[in-house]
Amino acid sequence: MIKVVKFGGSSVANGCQFKKVKGIVDSDPSRAFIVTSACGKSGVEDYKVTDLLYLIHAHIKYGVPYDSLYKLIYDKYMGIKEELNLKIDLEREFDLIKDLINKEVGIDYLVSRGEYLTGKCLAEYLDADFLDARDVISFNYNGEVNFERSEQLLQSKIKKGRKVVIPGFYGSLPNGAIKIMSRGGSDITGAIIANIINADVYENWTDVSGILIADPRVVDNPQRIKYITYYELRELSYMGANVLHDEAIFPVKKKNIPINIKNTNDPDNPGTMILNDCSKHDAIDPPHFITGISGKKNFSVITVNKSAVSSEVGALRKTLQVFEDFNISVESTPVGVDTFSIVVATDAIEKYVYEIMARIKEEVKCDTVTLIDHIALIAIVGRGMSNKPGMSGKLFAELGLNNINIRIINQGAEEIDIIIGVENRDFEKTIKCIYDRFITRSDTV
Ligand code: ASP
């Protein structure tokens, strides 16, 4: 059994968190590949190291002194070193970083130093080998990870019987220059390593005990999702659930490696298991009809009105072309007989909305083009909904009973998600109603 374990920023925010990480790693010998984020926030008054590094970069760019920011980072690592009695020569590491900053190295180098320094400290503390991600994660110039090369590099560096710590979030280009991933990218590093070494499990340690059925800022004390498919998670994440980096799923899904979301502050909690297929577990412990609910506010709906537009060939394509010309991604396209609508994020069209509407009118030669703002989209996701007649009836009836007006309905043919659009002001109420009907009162489904 081999496990890749990735610790997020809050799991390594200070010496006390490092001790919890050590407890977790030492309690299971299969936890041999450890990926770490940069130190995160210790509390509300604290800062994430990566945020500070981005800020330093901005200061350098505009010629503003950055010493106080630099000192915050320096003090944070010095504090960890002292608390854990580490021998690492941080003075030398910081001198080197400062030297390279002054030589105007790029933002990728600077911003990756959070993971690098955290990884160095953690490796010493766990008595593991430190493998610089620069020497292990290889990117092609087009930004894609070169799995073959990364595998060769990693295999050549691991020593039998030794644990390794690899900093997340960055790797290197063929010319050796550091390249960072998008924010939260350490999740992706963990997934890449899990793929390369064919891990049995990818454990992603964070500060929540798994993925919750609904946002706890909306629903009080929502239940944990025990098992979820990769596919369901993609749907929930796309609509706003924020646990794992979107791109972290692909490398593990390809090799059918389960992801286990766990809580560093509550290690005995089983957390959430993300699998390709949950049917084995579902047979023992049947899931709720709904696996999760997520949503986002602030969408706009542009509606094209023209008699019999549904039988006109090309009207939808011409409209979508306008959005493509403005490089705007479209969310959905509900179609009627004399109308069809385009749902898009408001902030994506805000700047050009009237230009877009005028262009559509011109291209489609329609009667009117109207705009509605302040729409929230809510995704109700669940493998338990598939092939269950009456599910949407119950959903809509519940919302009707609660006086919630549904403006958009969209269900995929696989029937694992229903997306509804409601007024922004009904967003929280809608999620609460759905949670109450299908989770709290699930025995009445
Ligand atoms: N430190 C990086 C960030 O804050 C990457 C990560 O934590 O995964 O985005």
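Our structure's up above, just so we're on the same page.
1. Observations regarding the nonpolar core
Piece 1. Core analysis: the biggest nonpolar cluster contains 117 residues, and I193 and I434 have the highest contact counts within it.
Piece 2. Looking at this core, the element that brings in the most residues is helix α5 (residues 107-126), giving 10 residues.
Piece 3. Residues within four places of I193 in sequence aside, it is in contact with V4, F33, V35, V136, I137, L154 and I166.
Piece 4. Listed in part, the 19 residues of the second largest apolar core include F323, I328, F340 and C366.

2. Quick look at the pattern of salt bridges
Piece 1. Under the criterion given, the structure shown has 27 salt bridges.
Piece 2. Between E203 and R31 there is a salt bridge, and its shortest N-O distance comes to 2.7 Å. Of this pair, E203 sits in strand β7 (residues 201-206) while R31 sits in strand β2 (residues 31-36); the two residues are 172 residues apart in sequence, bridging distant segments of the chain.
Piece 3. Residue R31 is classed as buried on the basis of its relative accessible area of 8%.

3. As for the pairing of strand β15 (residues 417-423)
Piece 1. Counted residue by residue, β15 has 7 buried out of 7 residues, so it is predominantly covered.
Piece 2. Sheet analysis places strand β14 (residues 406-411) next to β15, joined by 5 bridges and oriented antiparallel. In the strand pairing of β15, I409 is matched with I420.
Piece 3. The hairpin turn running from β14 into β15, its antiparallel successor, is 5 residues long, and E415 in that turn takes a positive phi close to 60°.

4. Observations concerning the sheet that holds strand β11 (residues 292-305)
Piece 1. Here we have 5 strands laid out as an open sheet, ordered β12-β11-β13-β15-β14, and antiparallel in their pairing. Looking along the sheet, the strands with just one partner apiece sit at the ends: β12 (339-345) and β14. When the angles between neighbouring strand axes are averaged without regard to direction, this sheet yields 35°.
Piece 2. Most of the contacts of helix α11 (residues 315-325) go to β12, to which it runs at about 20°, and overall it touches β11 and β12.
Piece 3. This element, helix α14 (residues 391-401), spans β13 (368-381), β14 and β15 of the sheet and lies at about 15° to β15.

5. Some remarks on helix α3 (residues 67-84)
Piece 1. Taking 1.5 Å per residue, 18 residues should reach 26 Å; α3 reaches 26 Å between its end C-alpha atoms and fits that length.
Piece 2. Considered for burial, the residues of α3 that qualify are L69, Y70, I73, K76, Y77, M78, I80 and L84.
Piece 3. N85 sits one or two residues past α3 and shows a positive phi near 55°.

6. Comments concerning the packing of aromatic side chains
In this description, an aromatic ring pair is defined by two values, namely the gap between the centres and the angle between the planes.
Piece 1. Summed over the entire model, instances satisfying the criterion amount to 8 aromatic pairs.
Piece 2. Aromatic pair Y116 and F130: ring centres 5.6 Å apart, planes at 85°, arrangement edge-to-face. On the criterion of sequence distance, the pair formed by Y116 in helix α5 and F130 in strand β3 (residues 129-130) is long-range, its members being 14 residues apart.
Piece 3. Under the relative-accessibility criterion, Y116 is labelled buried at 11%.
Piece 4. Residue F130 is classed as partly exposed on the basis of its relative accessible area of 22%.
Piece 5. A ring pair is formed by F326 and Y352, whose centres lie 5.3 Å apart and whose planes are at 50°; its orientation type is tilted. Here F326, found in the loop between α11 and β12, pairs with Y352, found in the loop between α12 (346-349) and α13 (353-364); they are 26 residues apart in sequence, far enough to count as distant.
Piece 6. Here the aromatic cluster, defined as three or more aromatic residues joined through ring pairs, consists of Y66, Y70, Y74, Y77 and F94.
Piece 7. Sitting over the face of the ring of Y70, K98 holds its NZ or CZ atom 4.4 Å from the ring centroid.

Reading guide: rules and limits
- Residues numbered from 1 in each chain as written.
- Predicted model: local features only at pLDDT ≥ 70, side-chain atom pairs only at ≥ 80, totals over all residues.
- Heavy atoms only, no water.
- Core = buried A, V, L, I, M, F, W, Y, C linked by side-chain atoms within 4.5 Å.
- Buried < 20%, exposed > 50% of the residue type's maximum accessible area, 1.4 Å probe, protein only.
- Helix = DSSP H or I, 4+ residues; strand = E, 2+ residues; numbered from the N terminus.
- Contact = heavy atoms within 4.5 Å.
- Salt bridge = Lys/Arg side-chain N within 4 Å of Asp/Glu carboxyl O.
- Pairing = 2+ DSSP bridges.
- Axes fitted to C-alpha atoms, helices over the stretch in contact; angles between N-to-C directions.
- Expected span 1.5 Å × (residues − 1).
- Phe/Tyr/Trp six-rings, centres within 6.5 Å; stacked < 30°, edge-to-face > 60°.
- Lys NZ or Arg CZ within 6 Å of the ring centre and 35° of its normal.

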